[in-house]
Amino acid sequence: MAVSMVRRLTSAFRKIEQALNIIFNRKFPPEALYAIDCNGLNLPCNVNNRGRFSLKDIIGDGFLWGVPTVRRTIEKRMSRRFGVPKYNWKPPVPKTNLLMCPNCGSHHEAGLLCGYCYEKVKIETKEMQDAIQEKLGLSAVEEDVIVIYEGENNKTEEFWKNQKVIEMPKKRPEWFHKNLLEPSTVEPSDSKDIKPPQLA
């Protein structure tokens, strides 16, 4: 509190000193504030190098910006985080929506992916992207790109005709099913059978 008052008084005295220097070192009143003819007065006429009166000369560096100047104590930070037991208590609550992943056994929140399994998927995807970039480069590819693993090249030559084939030098992971690489688009059909509405 005392430090703040000292700062304010120092700033006020500095402004007053600057204002007096501006007023008594040049015409009075300043040219921008002339209201009457002062030609008959014998006042000192020291013109500033800048030539015109400026409000910035009076204010100077007197503005205080709204920034924090004091760090919050650890007590205040903890009370903001957990509250005060007497008024607003916010204790840490244990999570009750944790599930166990059936594949790896790691725990994860309900409605979210298992972090360990997702990390495996990201690593495998990065390896596939590196293999595609190494073989095809960064140029545009107009054909379909198919990634096959070791021991899966059992298709006919007509199947590989208009497709770019990327071979991975390892066996397919157990969790990576073949259906994940199948295209999701369905070929147009000439069938006139109507799909039952119960299957929608």
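Use the structure listed above.
Residues numbered from 1 in each chain as written. Predicted model: local features only at pLDDT ≥ 70, side-chain atom pairs only at ≥ 80, totals over all residues. Heavy atoms only, no water.

Peer 1: Would you take a moment to explain the overall build of the protein for this structure?
Peer 2: Looking only at helices and strands, one finds 4 helices and 6 strands in the protein. Along the chain direction, N to C, the helices and strands of the protein fall in the order α-α-α-β-β-β-β-α-β-β. When the 200 residues of the protein are sorted by exposure, 14% land in the buried category. Sequence-distant contacts in the protein: of pairs separated by 6 or more residues, those separated by 24 or more amount to 32%. (Helix = DSSP H or I, 4+ residues; strand = E, 2+ residues; numbered from the N terminus. Buried < 20%, exposed > 50% of the residue type's maximum accessible area, 1.4 Å probe, protein only. Contact = heavy atoms within 4.5 Å.)

Peer 1: Sorry, what's going on with the nonpolar core here?
Peer 2: Side chains of a nonpolar character, in soluble globular proteins, are inclined to be buried together. By size, the foremost hydrophobic cluster in this structure holds 8 residues: M128, A131, L136, V147, Y149, I166, M168 and F176. It is helix α4 (residues 115–136) that provides the largest number of residues to this core, a total of 3 residues. (Core = buried A, V, L, I, M, F, W, Y, C linked by side-chain atoms within 4.5 Å.)

Peer 1: Hey, could you run me through the side chain of H108 in this one?
Peer 2: Relative to the elements of secondary structure, H108 occurs in strand β4 (residues 107–109). There is a polar contact of 3.0 Å between the side chain of H108 and the backbone oxygen of L112. Each residue touching H108, except ones within four places of it in the same chain, is listed here: N97, L98, L99, M100, C101, L113 and C114. (Polar contact = N/O pair within 3.5 Å; in protein donor to acceptor, adjacent residues only side chain to side chain.)

Peer 1: I tried to follow the packing of aromatic side chains on my own but got confused; where do I start?
Peer 2: Aromatic ring pairs are reported here in terms of the distance separating the ring centres and the angle at which the planes meet. Here the structure, examined in full by the defined rule, presents 2 aromatic pairs. Arranged with centres 6.0 Å apart and planes meeting at 80 degrees, the rings of Y149 and F176 form a pair that is edge-to-face. Pair noted here: Y149 is in the loop between β5 (144–148) and β6 (163–167) and F176 is in the segment after β6, with a separation of 27 residues, a long-range link. Judged by relative accessible area, Y149 falls into the buried class, the value being 3%. Look at F176 and you get buried, because its relative accessible area is 9%. Cluster of aromatic residues (ring-pair linked, three or more members): Y149, W175 and F176. (Phe/Tyr/Trp six-rings, centres within 6.5 Å; stacked < 30°, edge-to-face > 60°.)

Peer 1: Teacher, can you tell me more about the pattern of salt bridges here?
Peer 2: Any two side chains of opposite charge can pair, on the condition that their charged atoms come close. The final tally for this structure, using the stated rule, is 5 salt bridges. The salt bridge partner of K122 is E119, with a shortest N-O separation of 3.6 Å. In this pair, K122 and E119 both sit in helix α4, 3 residues apart, roughly one turn of the helix. With relative accessibility at 40%, the residue K122 sits in the partly exposed group. One salt-bridge network, held together by shared partners, links E124, E127 and K170. (Salt bridge = Lys/Arg side-chain N within 4 Å of Asp/Glu carboxyl O.)

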